[in-house]
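An overview of the molecular structure
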Amino acid sequence: KGFLRRAPMMVGPSRKGFLGRIVGKEDPKERDVATAAAAALASAQGCNLFRVHNVGVASDALRVADAVGAFQPGRVRLPHTTANN
């Protein structure tokens, strides 16, 4: 039981048919946002490895999920930003 809590967990929802049915997108290439949402939800449940086609979109979603998960009331931690971000 202890080992499984520390073991890496992988999810590969990238462009899967179930996402297409949920969002009404038949073309797999139109499912990147749904893939990113599924990855972010999996991350919130402890998943730490992701197989995706569109790394940029998924990476942004995972960064947002991580930032929201790290938020504690009364203590806001924002990433350093510049005028170009």
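Above: the structure in question.
Everything in this summary refers to the structure shown in the same document. Just so it is clear, the structure is predicted and the values come from calculations on it, not from any experiment.

Rules and cut-offs
- Residues numbered from 1 in each chain as written.
- Predicted model: local features only at pLDDT ≥ 70, side-chain atom pairs only at ≥ 80, totals over all residues.
- Heavy atoms only, no water.
- Helix = DSSP H or I, 4+ residues; strand = E, 2+ residues; numbered from the N terminus.
- Expected span 1.5 Å × (residues − 1).
- Buried < 20%, exposed > 50% of the residue type's maximum accessible area, 1.4 Å probe, protein only.
- Contact = heavy atoms within 4.5 Å.
- Patch = residues over 30% accessible without salt bridge, like charges linked within 9 Å, V, L, I, M, F, W, Y side chains within 5 Å.
- Areas by Shrake-Rupley, 256 points an atom, 1.4 Å probe, with all protein chains shown as cover.
- Salt bridge = Lys/Arg side-chain N within 4 Å of Asp/Glu carboxyl O.
- Axes fitted to C-alpha atoms, helices over the stretch in contact; angles between N-to-C directions.
- Left-handed = near helix turned anticlockwise from the far one by under 90°.
- Nonpolar A, V, L, I, M, F, W, Y, C, P; charged D, E, K, R; others polar.

Now for helix 3 (residues 32-44). In this model helix 3 runs 18 Å from its N-terminal to its C-terminal C-alpha over 13 residues, within 8% of the 18 Å that 1.5 Å per residue would give. Taken together, the buried positions of helix 3 are Asp32, Ala34, Thr35, Ala36, Ala38, Ala39, Ala40 and Ala42. Turning to helix 3, the residues buried within the fold contact strand 1 (10-11), helix 2 (17-23), strand 2 (49-50) and helix 4 (55-70). Two residues or fewer past helix 3, glycine 46 is found with a positive phi of approximately 105 degrees.

Time to look at the side chain of serine 14. Examined against the element boundaries, serine 14 turns out to sit in the loop between strand 1 and helix 2. Contacts of serine 14, omitting those with residues within four sequence positions, involve Thr35, Arg51, Val52 and His53.

A separate point is a nonpolar patch on the surface. A surface patch of nonpolar side chains, amounting to about 300 Å² of accessible area, comprises Phe18, Ile22 and Val23. The residue isoleucine 22 is located in helix 2 in this model.

This part is about the packing of helix 3 against helix 4. At a closest axis distance of 8 Å, the pairing of helix 3 and helix 4 adopts a crossing angle of 35 degrees. The handedness of the crossing between helix 3 and helix 4 comes out as right-handed. Here helix 3 contributes Asp32, Val33, Ala36, Ala39, Ala40 and Ser43 to the contact with helix 4, which in turn contributes Val57, Ala58, Ala61, Leu62 and Ala65. Tallied by class, the residues present in the contact of helix 3 with helix 4 amount to 9 nonpolar, 1 polar and 1 charged.

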